[in-house]
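# Architecture at a glance
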Amino acid sequence: MVRIRPASGGGKIVEVEPERLPRWVANFATRNGGIASHHAEGDAWTIESNEGTSASVVWALADGLPAGWLLDDDPLKAAEHLRDYALEPRRIAVLLARKGAYSVGIVVDGRVTASKTDTAYVQGKTKAGGQSQQRFARRREGQAHAAEKRARDAVFAVLGNADFDALVTGGPVEGVLEDPRLANLQPTKHFGDIAEPKQALLTETAYRAIGFAIRVADLPVPLRGLE
């Protein structure tokens, strides 16, 4: 599924699945009068069209793209190299949290090899006033604290001593990762927009993470803030 959102500083961000990158590049060339040039810069591969539109391709799960593969004169060949690189087997840890629910696991080649998922009830806000409102607020705070503790314990149990290539997170996970036992867990990629955390969403998020984020703009724009 292609996701599109506005980019800070102008243009738009298009999330492209790994297999679709070569076709996306070919369509970009068709829509914009062909490709004038392409080059690697920092952690991005930038394509410039004959009509002045640029597309900067970023892959989040590595320290920069393999620039040697991007020197091919044919940008479609370079896109194929990137597609194959993204689809190489990896162990991806995923942590998702939302409204008292969490799901954590390790995904290898689209299969969840270890995971824990739970949903805890956290009372919503109330319109009551006075002592009733304070009582509801204390109850809600207690429920949220208990849910977060269960999530921290689950993350430590699944990821604390596990080996993986990258950690992908989704939703408000900051409170969970504040646990001192999880100090070594540094997210490589974060998604703020997630659905209800379930085991099935682990594989979907891992697949989304190996895709490409492409900034499309009419003029060159700073790469900062792409994510």
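Small disclaimer: the values here were computed from a predicted structure and weren't measured.

## Quick notes on the overall build of the chain
Helix and strand content of the chain: five helices and 11 strands. Taking all 227 residues of the chain together, 42% fall into the buried category. In the form shown here, the chain has an accessible surface area of approximately 12,200 Å², with 50% of it arising from carbon and sulfur atoms.

## What to know about the packing of helix α1 (residues 21-31) against helix α2 (residues 75-86)
For the pair α1 and α2, the least separation of the axes is 8 Å and the interaxial angle reads 155°. By the angle between their directions, the pair α1 and α2 is classed as roughly antiparallel. As for how α1 packs across α2, the hand of that crossing is right-handed. For the pair formed by α1 and α2, the contact residues are Leu 21, Pro 22, Val 25 and Ala 26 on the first element and Leu 76, Ala 79, Glu 80, Leu 82 and Arg 83 on the second.

## Observations regarding the sheet that holds strand β2 (residues 12-16)
Sheet architecture is open: six strands sit in the order β1-β2-β11-β5-β4-β3, paired in antiparallel fashion. Edge positions in the sheet fall to β1 (3-6) and β3 (35-41), since each of these pairs with one other strand and no more. The average angle at which neighbouring strand axes cross in this sheet is 20°, direction not considered. Lying on the sheet, α2 is in contact with β3, β4 (44-49) and β11 (212-217); it crosses β4 at an angle near 150°.

## Here's the deal with helix α5 (residues 199-209)
Listing the buried residues of α5 in full gives Leu 201, Leu 202, Thr 205, Ala 206, Arg 208 and Ala 209. Down the axis of α5, the buried side of the element spans an arc of 160°, and every buried residue falls inside it.

## Details of the confidence of the model for the chain
Low-confidence regions, as indicated by low pLDDT, have predicted coordinates that should not be scrutinised in detail. Of the residues in the chain, 82% reach a pLDDT of 70 or more, and the chain-wide mean stands at 85. Counting contacts from residues 221-225, a segment whose pLDDT is below 50, to residues more than four positions away or on other chains yields 11 contacts.

## Digging into the nonpolar core
Counting residues in hydrophobic clusters, the biggest one holds 35 residues, and the most contacted among them are Leu 21, Trp 24, Trp 45, Trp 59, Leu 61, Phe 212 and Ile 214. Element by element, the count of residues in this core is highest for α2, at five residues. The next biggest cluster of nonpolar side chains, apart from the first, holds 18 residues, and it includes Ala 97, Val 108, Leu 177 and Leu 182.

## Re the sheet that holds strand β10 (residues 189-191)
Sheet architecture is open: five strands sit in the order β8-β7-β6-β9-β10, paired in mixed fashion. Two strands lie at the open edges of the sheet, namely β8 (111-119) and β10, each paired on one side alone. Neighbour to neighbour, the strand axes of the sheet diverge by 10° on average, direction disregarded. Here strand β9 (residues 166-170) pairs with β10 via three bridges, running parallel. Of the residues in β10, the one forming a bridge with Gly 170 is Phe 191.

## Things to note about the pattern of salt bridges
Tallied over the full model, the rule gives 13 salt bridges. Glu 88 serves as the salt-bridge partner of Arg 90, at 3.8 Å between the closest nitrogen and oxygen. Owing to a relative accessible area of 39%, Glu 88 belongs among the partly exposed residues under this scheme. A salt bridge links Lys 149 to Asp 153, with the shortest nitrogen-to-oxygen separation between them at 3.1 Å. A residue pair is termed a helical-turn pair when its members lie 3 or 4 positions apart in one helix, as Lys 149 and Asp 153 do in helix α3 (residues 130-159) at four residues. Judged by relative accessible area, which is 30%, Asp 153 ranks as partly exposed. Taken together, the shared-partner salt bridges in this structure form one network comprising Arg 5, Glu 15, Asp 193 and Arg 208.

Reading guide: rules and limits
Residues numbered from 1 in each chain as written. Predicted model: local features only at pLDDT ≥ 70, side-chain atom pairs only at ≥ 80, totals over all residues. Heavy atoms only, no water. Helix = DSSP H or I, 4+ residues; strand = E, 2+ residues; numbered from the N terminus. Buried < 20%, exposed > 50% of the residue type's maximum accessible area, 1.4 Å probe, protein only. Areas by Shrake-Rupley, 256 points an atom, 1.4 Å probe, with all protein chains shown as cover. Axes fitted to C-alpha atoms, helices over the stretch in contact; angles between N-to-C directions. Parallel < 35°, antiparallel > 145°, perpendicular 65-115°, else oblique. Left-handed = near helix turned anticlockwise from the far one by under 90°. Contact = heavy atoms within 4.5 Å. Pairing = 2+ DSSP bridges. Arc of directions from axis to C-beta. pLDDT = per-residue confidence, 0-100. Core = buried A, V, L, I, M, F, W, Y, C linked by side-chain atoms within 4.5 Å. Salt bridge = Lys/Arg side-chain N within 4 Å of Asp/Glu carboxyl O.

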